[in-house]
Each structure stands twice: as C-alpha cells, then as structure tokens.
Amino acid sequence: MNELNRHVLGWQALAAAGFLLLPWYAVEDGFWGFGWLLDGWPLDPDYAPAIVLLLQGEKPWLWPVVGFLALPLLAVGRPRTDRLAQWVLLAAGGLGVAYILGQGFSIGIRGWSFAGLEAWFGPLGDRQFGMGYGALLAAGGLFFLFTLGCAARGAVNGDGFVVGSIGLIVMVVALFIFFPVSRILVSALQTNEGVLSLTAFLDKLLTGKIWGLDCVYSYRACGVAWNSLALAVAVGAGTTLLGLAFALVVTRTGFPAKRLFRGLTVLPIITPPFVIGLALILLFGQSGAVTSFLEWSLGIPASRWLYGFTGVWLAQMLAFTPIAFLVLIGVVEGVSPSVEEAAQTLRADAWTTLRTVSLPLMRPGLANAFLLGFIESMADFGNPMVLGGNFNVLSTEIFFAIVGAQYDQGRAAVLALVLLFFTLLAFWAQRRWLGRKSYTSVTGKGDAGIPVALPGRFTGLILGVTVPWAAMTAVLYVTILFGGFVNLWGLDNTLTLRHYIDAFGVTVGDHGLVWSGGAWNSFFTTIAISTISAPLTAAIGLLTAYLLVRQRFLGKQAFEFGTMLSFAIPGTVIGVSYVLAFNVPPLELTGTGVILVISFVFRNMPVGVRAGVAAMSQLDASLDEASLTLGGSSWQTIRRVVLPLLRPAILAALVYSFVRAMTAISAVIFLVSAEYDMATAYILGRVENNDYGLSIAYSSVLIVVMFAAILLLQLMVGERRLGRRSGAQAAKLDLGGQPA
C-alpha cells in the first residue's frame, strides 16, 4: 500500500469515527465533560452519533454526509498521479466540508436561518444544536482529505504535511479571526430586529457619545472615541520615551543599578492589568497613604485627581513602559559603534551624534514601541474600569453595551469597529513613517568599537527621570504586597491574614479537605485554561513560523497578514466578536471553557509566530535539506532537527502565552461564565465591591504562581546545545587545535 493510500484511509477512518461513534451535536457537559458515556449514549438523541440519529428518523439533512465519507474509497489503490484519485479527494473533502458548514449555518436555534429556505422546504419543527465531537472530527477528516488531493495535484511540491499544515492554519485563522470580525461588521449594520440597515448603522456611529467635541468647554463631555485616541497617543508617546530612557541608561551609562532596572521590567508583565491601578488607589486615592500623609503634614486636602485621564494614563504608563523597554533595548544595543565613531571622526559632538546618527537608526524600534503602547492602551479594560471615573473610553463603553441593562449588541459592534479602525490606522501610520529606508547596522563584519558616551546633561536628564520612576514602581509593588496583609487600607492597618484565608482558605470537613476559599474555583480554572492554551499557542505559532521561513507557496504574504491580524485587533473587539459569532449554531461555544482556550490561542499566536520566525531565520536551510536528502519527511525534519534548535523560541512562546492567559481581562470579561470564571474577572468583581484587600492578596498569589511557572517552563524546555566551545575551553587551545 503506497503512502497516499495509507493517509487516505487514515483520514477517512477518522472522519467515519466521528460520524459513527461520537455525539454529532454538542453535549450539555461541555467539551471537557464525558458524562454522556454513561448517560444514554449512543441511543439518547442528545448524545447520539449521526448514524444513530439518521436510523431513528432524525436530522435527515445529514444523509449526504454518508456519500462524502464513502466517496474517497474510489481513490484507494490508485497512484497519487491518477487524475481520478486526485479529483475524488478534492470533491469528497472540499464539498463534504462545505456541506457540513452550509447545513450548520442554514439551520439554527429556531429552525431555518434564512426565510428563502423555509419557503422552499417548508417549516422545520426541530432546532439544531452546535457541532459536537462527531461533527468536528468528520469535518476535520474530510478537510485533510481535501489537502491530500491538493498535494497530489502538486501543490507545494506535493508535500502532504506542508499542504495540510497550510490548510490547517488558514482554516483556523478564517474560522476564529476573520469570521468573528465579519460578524461584528454584520451586527453593526443590523437593527434590533436583525434587519440590515445602513441608516441604523450611521445613527449608532454618528452620535455625540462617540464623537462629541464639547470637551472644549467640558472635558468630561468629550466623546469616547476622542478620549480613547488622546489617551492612546499619550500612552504610546510616553511609554516610548520612557522605555528609551531606561534602555539608554542600561546600555550607555555606568549606572550601578542596571540589573535592578532589568528586574523591574518583568514585574508589570506578569501582573494582572488593573492591579497597578489598585496600588495607585492605595497610595494616591482619597484614603491613600500618600494622600493621608500630605493632608497630615502639609494640610493638602484629599481630592479625586486620580480618577480620570490622569490616573488612567499614569497606570497605563506604569503597566506598559516595560514592554517598550524590552523592544528598545535590543534596538539600542544594535546600533553600530563604528557608525557613531565615524560621525565623531567628522567632528560631530556627542549630542549631534545621538541626534543625527543613533536615534534615526533606532527608528524601527521607536515605531514598534509606540505602536505597542498605542494598541495596549486602546485595548486596556481594567485600568479605565478602576480609575476612569467620568472619563469613558471605548473599551469600557463596549463592556457596558454588552453586559449592562441596555444590552445593545449593535452599539457594541459599532464601538468595536471604531476601536479597530484606530488600531489599523496606527499600523498604517507606522509603516508610512518607516517607509522603505534601510536601518541595517549589524553586518557580518567585525564591529568591536565602543558605543559613544551620552552627552553629560542628557545623561543627567534621563537619570533624573528613570530613577524616580523606578523608585515609584518599587514602592507600588511593596504596596501591592503589603496591601494584602492589612485589614482595611487607610482606615485599619492592622496586620491580618483574613484576605488570604477568604480567598484561599482550606478547612477540614467530614469527608476530608474542603477548599473553602472563594477564589479557588477561578484559580483552578485559570491554571487549567492557561496550561491548555499555552502549548497550543506555541505549537500553532511555531508551525506557522516554519511555513513562513522554510516554504514557498502562493499567497504567502496574505497568509502572514492573516496570522498577524489578531495582534492588531484589541482584546475588547475579540471578546465582542466571539460573543456575536459563537453564541448560536453551528458553533455554540459561549459560556464554555473551549471559547476561552480559543481566544487565548489566537490572541497570543502572533508572539509565537514572530519568535519562531526570528529564531528560524538564524538556522541554515541546509540543515533541513540534509534531513530531507537522507529520506526524512517534513514532519521528521521538524521534530528531530528544527525543534531542538528552537528551544529559546519555544520558551518565549510558552511563557508569553501562559502569562497572558493568566492576566488577560479585556477579552475574558465577555467570555467568562459561572462555571468557567477566570482569576482576572473574579478580582475585578471584588474591586467593584471595594474589596481591595482580597483583590491585592489574590493578585500577589498570581504573581508568585507565574514566577514559579516561568522557572518550571525553563527547566522543561531546557537550553539548546550548538556544540560550541565556551570561552574557557577556547582559551586552552591554540589556533591549531593543540593545548596552548
């Protein structure tokens, strides 16, 4: 039996198993529950496979799937060059998947989804539930039969693994990125009755609540679009300048606390996004420590200056400056000293060299740092919720449009489109500003020069900014740690463990240990969801990177754009789009743990892609070619050659995806349910009830857990070994390989 026949039979058996054995529709236990195995399966209509439903006279629209599953048998026994076998696989796989999706979208909760179908076939007395294990397995098997047909036709040199990988990425990106975003567009154009109306869209879009310019007279009355844009620009510019200052201090000065500066960059990244806002309240709120001290010592009365633009901007600056620093430190280190020395040879002083040579070469890093700060500010939900006061932004308005008493999906969709427009505009502006100029300063030639010292006054300026900022960051984290151990901050500072006991208490009952703390459910859910989503994110991201770096295929640029699109879409938009897209058949996922995993995977996937692209670009393609020449398949080459050399990229993808899943809030707040509550949503609920002590205690536990997880991941992934001598070993040998 040739390789094509084995693959055909394998995927056909997988699809048949979904049709013959597993529940075709989603079960009540959820994706992770298997109680249906002992509760009437396979005869109970709620858990029955498709074939049982058909034999019981139910769901007659599933009969054509039998034909698509049987059709690939015509290709068995034929060589891959046989045109009939190729077209059979294309027809069975492509048309089979199209039919399953088509009937899924055609029949919804109330019967036919389209009036024309009801007029043609008559009323349908039975609703359709979302797809379950069986439908997904059958559709997946048919889909990979289609990719086998494409490979047999010669796509991507006939490599079935590569074609299947490309098809898989395209399918999931279309399903979990493009489809939800398109649902936002459709929902924005619909009236409350579900009728498409451009007038209704314009009425919701062109309102003073969004675009009002009365802020000239009353700042509070400014439209939420302008509020969000002004805040994002201020945060993007501020984090870029401050991140650059920290990067210059660490790389271009002899400041003794460089390592401390680097350490402080890690803390905000592994901190839930609104915890910094809580710490600011504990310090500068009306009952804060600094406010109380100033009132006692200088007679300055307490005020609400922290609640509004100023407080949100300060919190976001503290939260997002480390991201700008991590982007810029590599860029600053990459500026070639020889270029700066050349400028000094031409009698340029230190300031002129910095302004005309060094900073222009840092332009790509500055642009990326600003873009990241801009997008993070636009998508941030926690800090505006905690510190916004009367200063409303798009992310919080979207939240209240969905979960508030008004429940206006159309308005939420319109607001999400405005937010998406601003982020895409920032992407365009960044590319426009950078243009097509070359900023290369690191080449293969020797470059052992010493970076030019910064101007003396400029060094004093950046130290005068960064040292107080670092001190304030350190004070904030001491406050966070201490705030969980006091009874009531600002009113009763008695030390207590009450908040930790309320959140994570364990008692002994009649049947053993009882997890009595109120936070255990959300804590275990968060750990489980993050643990599941992190390896999936890394796997999809690194597979995508392999395809982008090592393979050539039609539409490669569009493929790359699609995989990176989710990074440009703020989490708030992702949350709303998932609610709109996956609240009805054929994929009823809202309220389940699966939708949380999916949102994390495709929200964080671009980081795995970029980490993989950067690491794989350093690996010589001849390594792959040698493996293939020795008879290894593409999958064997990836598993045995590429992956061991990608351990740094794997670690980066795992750590980032795990941490972001633990700390995400903007998308999560729309997707959590009573059964699947996440830590950040739980903490935010306690904040809204002014229970700051428990919120701080829970956040402290999360920070410790994430530190431990990062260390564990480092141990599991390990380091890559390149077979190079260390410096000590090299010193023992002369150039001829003999002991010195």
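Below is a summary of the structure that appears in this document. (Residues numbered from 1 in each chain as written. Predicted model: local features only at pLDDT ≥ 70, side-chain atom pairs only at ≥ 80, totals over all residues. Heavy atoms only, no water.)

Bringing a negative patch on the surface into the picture now. On the surface, Glu 28, Asp 29, Asp 39, Asp 46 and Glu 675 cluster together into a negatively charged patch. For Asp 46, the position within the fold is in the loop between α1 (3–20) and α2 (50–55). When its relative accessible area of 43% is taken as the criterion, Asp 46 is described as partly exposed. (Patch = residues over 30% accessible without salt bridge, like charges linked within 9 Å, V, L, I, M, F, W, Y side chains within 5 Å. Areas by Shrake-Rupley, 256 points an atom, 1.4 Å probe, with all protein chains shown as cover. Salt bridge = Lys/Arg side-chain N within 4 Å of Asp/Glu carboxyl O. Lys, Arg positive; Asp, Glu negative; His and termini not counted. Charge placed at Lys NZ, Arg CZ, Asp CG, Glu CD. Helix = DSSP H or I, 4+ residues; strand = E, 2+ residues; numbered from the N terminus. Buried < 20%, exposed > 50% of the residue type's maximum accessible area, 1.4 Å probe, protein only.)

In this description, an aromatic ring pair is defined by two values, namely the gap between the centres and the angle between the planes. Considering all chains together, one arrives at 35 aromatic pairs under this definition. On the numbers, 5.6 Å between centres and 80 degrees between planes, the contact of Phe 143 with Phe 144 is edge-to-face. With respect to burial, Phe 143 and Phe 144 carry one shared label: buried. Ring plane angle 55 degrees and centroid distance 5.8 Å describe the contact between Phe 176 and Phe 582, whose orientation is recorded as tilted. One end of the pair, Phe 176, is in helix α7 (residues 160–188); the other, Phe 582, is in the loop between α25 (571–581) and α26 (593–616), with 406 residues separating them in the sequence. Summarising the burial analysis for this pair, Phe 176 and Phe 582 share the class buried. (Phe/Tyr/Trp six-rings, centres within 6.5 Å; stacked < 30°, edge-to-face > 60°.)

Here helix α12 (residues 275–284) crosses helix α21 (residues 456–483) at 85 degrees, and the two axes come no closer than 9 Å. Classified by the interaxial angle, the pair formed by α12 and α21 is roughly perpendicular. Residues Val 275, Ile 276, Ala 279, Leu 280, Leu 282 and Leu 283 of α12 touch α21, and the partners they reach there are Val 475, Leu 476, Tyr 477, Thr 479, Ile 480 and Gly 483. Class assignment of the residues belonging to the contact of α12 with α21 gives a composition of 10 nonpolar, two polar and no charged. (Axes fitted to C-alpha atoms, helices over the stretch in contact; angles between N-to-C directions. Parallel < 35°, antiparallel > 145°, perpendicular 65-115°, else oblique. Contact = heavy atoms within 4.5 Å. Nonpolar A, V, L, I, M, F, W, Y, C, P; charged D, E, K, R; others polar.)

On to the nonpolar core, then. Trp 24, Leu 280, Tyr 578, Phe 602 and Tyr 698 are the most contacted members of the largest nonpolar core, which totals 210 residues. A per-element tally of this core places helix α10 (residues 224–252) first, with 13 residues. Not counting residues up to four positions away in its chain, the partners in contact with Tyr 578 are Phe 176, Pro 180, Asn 583, Thr 590, Ile 595, Ile 598, Ser 599, Phe 602 and Leu 671. (Core = buried A, V, L, I, M, F, W, Y, C linked by side-chain atoms within 4.5 Å.)

The final tally for this structure, using the stated rule, is five salt bridges. The residue Arg 660 makes a salt bridge to Glu 376 at a minimum N-O spacing of 3.6 Å. Note that Arg 660 is positioned in helix α29 (residues 647–663) and Glu 376 in helix α17 (residues 363–379), a separation of 284 residues in sequence. Residue Glu 397 pairs with Arg 411 through a salt bridge whose shortest N-O separation is 3.1 Å. Of this pair, Glu 397 sits in helix α19 (residues 394–403) while Arg 411 sits in helix α20 (residues 409–434), placing them 14 residues apart in sequence.

As a further point, take α17. The terminal C-alpha atoms of α17, which comprises 17 residues, lie 24 Å apart, in line with the 24 Å expected from a rise of 1.5 Å per residue. Counting buried positions over the 17 residues of α17 gives 14, a clear majority of the element. (Expected span 1.5 Å × (residues − 1).)

Next up on the list: the environment of Phe 707. When you line up the elements, Phe 707 lands in helix α32 (residues 692–717). Since its relative accessible area comes to 38%, Phe 707 is described here as partly exposed. C-alpha of Phe 707 to C-alpha of Val 659: the two residues are 48 residues apart in sequence and 9.4 Å apart in space. Among all residues touching Phe 707, those that are not within four sequence positions of it are Val 266, Leu 267 and Ile 270.

With that settled, consider helix α6 (residues 133–152). The end-to-end C-alpha distance of α6, which contains 20 residues, comes to 29 Å, matching closely the 28 Å that a straight helix rising 1.5 Å per residue would cover. Most of α6 sits out of view: 16 of its 20 residues are buried. Two residues or fewer after α6 comes Gly 154, characterised by a positive phi angle close to 105 degrees.

Among the secondary structure elements, Ser 197 is positioned in the loop between α7 and α8 (198–205). Its relative accessible area of 19% is what places Ser 197 among the buried residues. A polar side-chain atom of Ser 197 sits 3.1 Å from the main-chain amide nitrogen of Ala 200. Discounting chain neighbours no more than four positions away, the residues touching Ser 197 are Leu 189 and Thr 191. (Polar contact = N/O pair within 3.5 Å; in protein donor to acceptor, adjacent residues only side chain to side chain.)

Residue Pro 42 is bonded to the preceding Trp 41 through a cis peptide linkage, with omega at 10 degrees. By secondary structure assignment, the location of Pro 42 is in the loop between α1 and α2. Phi at Lys 59 takes a positive value of approximately 50 degrees, unusual for a residue other than glycine. Mapping Lys 59 onto the fold places it in the loop between α2 and α3 (63–70). Phi at Asn 690 is positive, roughly 60 degrees, even though this residue is not glycine. You can see Asn 690 is positioned in the loop between α31 (679–688) and α32. The exposure class of Asn 690 is exposed, given its relative accessible area of 54%.

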